[in-house]
Every structure is written in C-alpha cells, then in structure tokens.
Amino acid sequence: IEVARAPIDQEALSGKTVLIPDASQDTRLRYPDKVAAEGIRTILSTPLLSKRGAIGVLRAYGGSAHRFSQDDADFLAAIAAEGSVAIENARAYQLLENLDREKSQFVRMVTHELRSPVQVTLSLLNVLGRGYVGALNEKQSDLVDRAYRRLRFLQTLIDDLLDLAAGKADVLATAERGLVSLTDVLREVNERYEAPAHDKGLALRCKCPKSDLPIWGDRSELDRIINNLVSNAVKYTQEGEVRVLAEQIDGFARVVVSDTGIGIPEDALPELFQEFYRAQNAKEIKETGTGLGLAIVKDLVERYDGTIEVESKVSEGTTFTLTLPLADALFA
Ligand code: ADP
C-alpha cells in the first residue's frame, strides 16, 4: 500500500493506532468500493515506529464490521513495536554487511594491483643480490639484502590481505570443494616446517591418526588454517618443542597445536583474532608478522562450522585447539 496517500495511514504515521469500525460508512477511505469488493468491513492501522520516526504501518483487516476491540488494537500495536525493532536491526545489519563487503572488494582490488610490481622487484633484487649482473661489495650486498627482506614482508602482507578480503567478499564460494584428507594436509604442513624448526633447534612432533580425517572443503583453505597455527608456533618459540596432535572425536577432527614458546599475555587473549592485532611480547622479538594470520584462520574456521580456542601462559607456551566437522558426519 502507498502509505503516503491514504488518509488513515497518514493518521497512523503521525503515531497513533487508527480504527475504522465500519469501512462502508467511513469517509477517510479513498476507495471504499475496492475495499468492500475485497470483503473488508473493518480496518485497524498502527504505526511501525523506529527511533527516527514512523517507517510504515501495520494493518489488520476484518470481514465483519466492528470486528476489532481496543484489546486487538493494543495487541497489534505491541506486534508493530517488536516488528519495528526487528526491521531496524535487519536494516542496520545489512548496511554493515554491505560496507564490509565493499571494503573487502576495495582491499582486494588494491592488493591485486600491488602484487605484481612487488613480485617483479623481488626478482630483480634477487638477480642483483646473486651477482648475475656484476659482483657487489659488502655494503651493496647488505643494502640489497635489506631491501629484499622488506619487500618479502610486504609480499606476505599483500597475501594476507588478499586472503582476508577473499573470505569477506565471499570469493570462497567459488573455491574448489571436495573431500580433503586433513591428515594429508597436516603431514604436508609438518614437512614444510621440519627444516625451519630444526634450524631454530626446536623439536617438531606430529601425531596423526592413520585414518584420513575427511573434511568437505578446499585443500588450500585447510592448508592455510593449519599452516598459520604451525608457523606461529615455530615463529614464537625460541627453545623446546612444537607438537601437533590430531584425533577423531565423534563427528569431529580435533587438532591441537602446542608450543613451549613466549606465550600470550592474558590481556591479549581476547584480542588475538582481531585483524592486525599483535601482542606486545610478539612485537618485541625479532620475527616479523602482520597480525592477520589468526583473523584469517578464525574466518575460515567459522566457514567450516568449526571452533578454535587458545590457552596460553607467558614464557611457558601456547596451545591452540581446533575442531572441524568431519565429512562423514555431514553426510550421515
Ligand atoms: P602474526 O603475523 O603477528 O603472527 P597472527 O594473526 O598469526 O599474526 O597472530 C596474532 C598474534 O597472536 C601474534 O602477533 C602473537 O602476538 C600471537 N600469537 C599467535 N600465535 C602465537 C603463539 N603460538 N605463541 C605466542 N603468541 C602467538
């Protein structure tokens, strides 16, 4: 209905409930014939009030005259009040979602453009650093090396931003889904970190079941989740060990990644999964980071209907516990 035109709705929009006990007698109706033809004999119209004024009306029709009492009018007004709050919340939520999506699309576009010049410059510096175009003296070599490392960090940042924006912009919907063995992913990630862990003098232990732990999803996404957790554990541990334990519990795969590293201060724990957040003790060590890894992990884990939890003590170590629903359970 076009509320702006009908006089009864105009009255309702001013903030009160309007009752038309007998539609055939009421002069406020613009098309009484049409109303009668619909079999409507009585009308109740109540405003939908938001914080910024009336946003519409809620109407009830009756097939016989004098059908509605004051109690009915109060009841309709109560429904309208609940309805207005729900409509306002839904609109605000939609607005936020749109803004978030637009922001992510912007980030994706910009980072995409940044990726190739960074890649090319890295290759050029590599050629320079390896002396293919002439030997460098110590000072030159040091400068090239520093430039290379700064650019590598920029490359990680771009990759992380792209991943984060991809999740938000629902690009993941196009990811290749199928049955993936989480056990295989865990083994691969573990192999990837054997050398870096060994170089730091850390023991890297992995205890996986013989079974596949099949997950319905995309291999590179699952790799991203496990890779982030294991790389953090290795990165933030100076001595001791990193353990990866996987097992099946009912319809879930549970992966526990624990380390004997620097730990996470208690006040940092609630912030950990926020984009760009890095705890103070992490910033103080030599290793660089973007603060985006765990935000990406959380985003992905939620998309898989999984959970991620963290327990930690400063200077003692950290344990991340991940659960993901198994494909068997989904199709059971
Ligand atoms: P970053 O690029 O800084 O590693 P992440 O999002 O992966 O970003 O992690 C966010 C922060 O969480 C880190 O900066 C660090 O403070 C903390 N953190 C994550 N994993 C560990 C860990 N295994 N041990 C100690 N701190 C960790």
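In this report, the structure presented in the accompanying data block is examined.

Rules used throughout
Residues numbered from 1 in each chain as written. Predicted model: local features only at pLDDT ≥ 70, side-chain atom pairs only at ≥ 80, totals over all residues. Heavy atoms only, no water. Near = heavy atom within 4 Å. Polar contact = N/O pair within 3.5 Å; in protein donor to acceptor, adjacent residues only side chain to side chain. Areas by Shrake-Rupley, 256 points an atom, 1.4 Å probe, with all protein chains shown as cover. Helix = DSSP H or I, 4+ residues; strand = E, 2+ residues; numbered from the N terminus. Nonpolar A, V, L, I, M, F, W, Y, C, P; charged D, E, K, R; others polar. Phe/Tyr/Trp six-rings, centres within 6.5 Å; stacked < 30°, edge-to-face > 60°. Lys NZ or Arg CZ within 6 Å of the ring centre and 35° of its normal. Buried < 20%, exposed > 50% of the residue type's maximum accessible area, 1.4 Å probe, protein only. Lys, Arg positive; Asp, Glu negative; His and termini not counted. Salt bridge = Lys/Arg side-chain N within 4 Å of Asp/Glu carboxyl O. Contact = heavy atoms within 4.5 Å. Pairing = 2+ DSSP bridges. Axes fitted to C-alpha atoms, helices over the stretch in contact; angles between N-to-C directions. Disulfide = S-S within 2.5 Å.

### What about the site of the ligand?
Around the ligand, 21 residues are found, and the nearest of them are Asn-232, Tyr-236, Arg-278, Thr-290 and Leu-294. Between Thr-290 and the ligand, the recorded distance is 2.8 Å, taken from a backbone N or O atom to an oxygen atom. A distance of 2.7 Å is found between an oxygen atom of the ligand and a backbone nitrogen or oxygen belonging to Leu-294. Summarising the interface, the protein chains cover 98% of the accessible area of the ligand, which totals 540 Å² for the free molecule. For the shell around the ligand, the elements supplying multiple residues, two or more each, are helix 6 (219-235), helix 8 (293-303) and strand 10 (317-325). Here the element with the most residues in the shell around the ligand is helix 6; it accounts for three residues. Grouping the amino acids of the shell around the ligand by side-chain chemistry returns eleven nonpolar, seven polar and three charged.

### Quick word on the packing of aromatic side chains
A full pass over the atoms with the stated rule returns zero aromatic pairs. The ring of Tyr-31 carries Lys-34 above its face, with NZ or CZ at 4.8 Å from the centroid.

### Quick look at the side chain of Arg-278
Along the chain, the position of Arg-278 falls in the loop between strand 8 (252-259) and helix 7 (280-284). Glu-287 provides the closest opposite charge to the buried, salt-bridge-free Arg-278, at an N-O distance of 8.0 Å. A distance of 2.9 Å separates the side chain of Arg-278 from the side chain of Tyr-236, its partner in a polar contact. Apart from the residues lying within four places of it in its own chain, the contact partners of Arg-278 are Tyr-236, Lys-283, Glu-287, Thr-288, Gly-289, Thr-290 and Gly-291.

### Describing the sheet that holds strand 9 (residues 307-313)
Pairing is mixed in the open sheet, where five strands are placed in the order 5-7-8-10-9. The open sheet has two free edges, formed respectively by strand 5 (203-207) and strand 9, since each of these has just one partner strand. Sheet twist, expressed as the average angle between the axes of neighbouring strands with direction ignored, equals 10 degrees. The pairing of strand 9 with strand 10 spans seven bridges and is classified as antiparallel. For Glu-311, the partnering residue across the bridge sits in strand 10 and is Thr-319.

### What to know about the pairing of strand 10
In terms of burial, strand 10 is a largely internal element, eight of the nine residues being buried. Across eight bridges, strand 8 lies against strand 10 in antiparallel orientation. Bridge pairing in strand 10 places Val-257 opposite Phe-320. What sits between the antiparallel neighbours strand 9 and strand 10 is a turn of three residues, in which Ser-315 has the positive phi angle 65 degrees.

### Structural notes on the state of the cysteines
All chains considered together, the criterion is met by zero disulfides. The closest cysteine sulfur to the non-disulfide-bonded Cys-206 is located on Cys-208, 3.4 Å from its own sulfur. On the accessibility criterion, Cys-208 (23% relative accessible area) is partly exposed.

### Regarding the environment of Gln-105
As for its placement among the helices and strands, Gln-105 is situated in helix 3 (residues 70-129). With a relative accessible area of 42%, Gln-105 lands in the partly exposed category. Considering only alpha carbons, one finds Gln-105 and Ala-165, 60 residues apart in sequence, at a separation of 6.7 Å.

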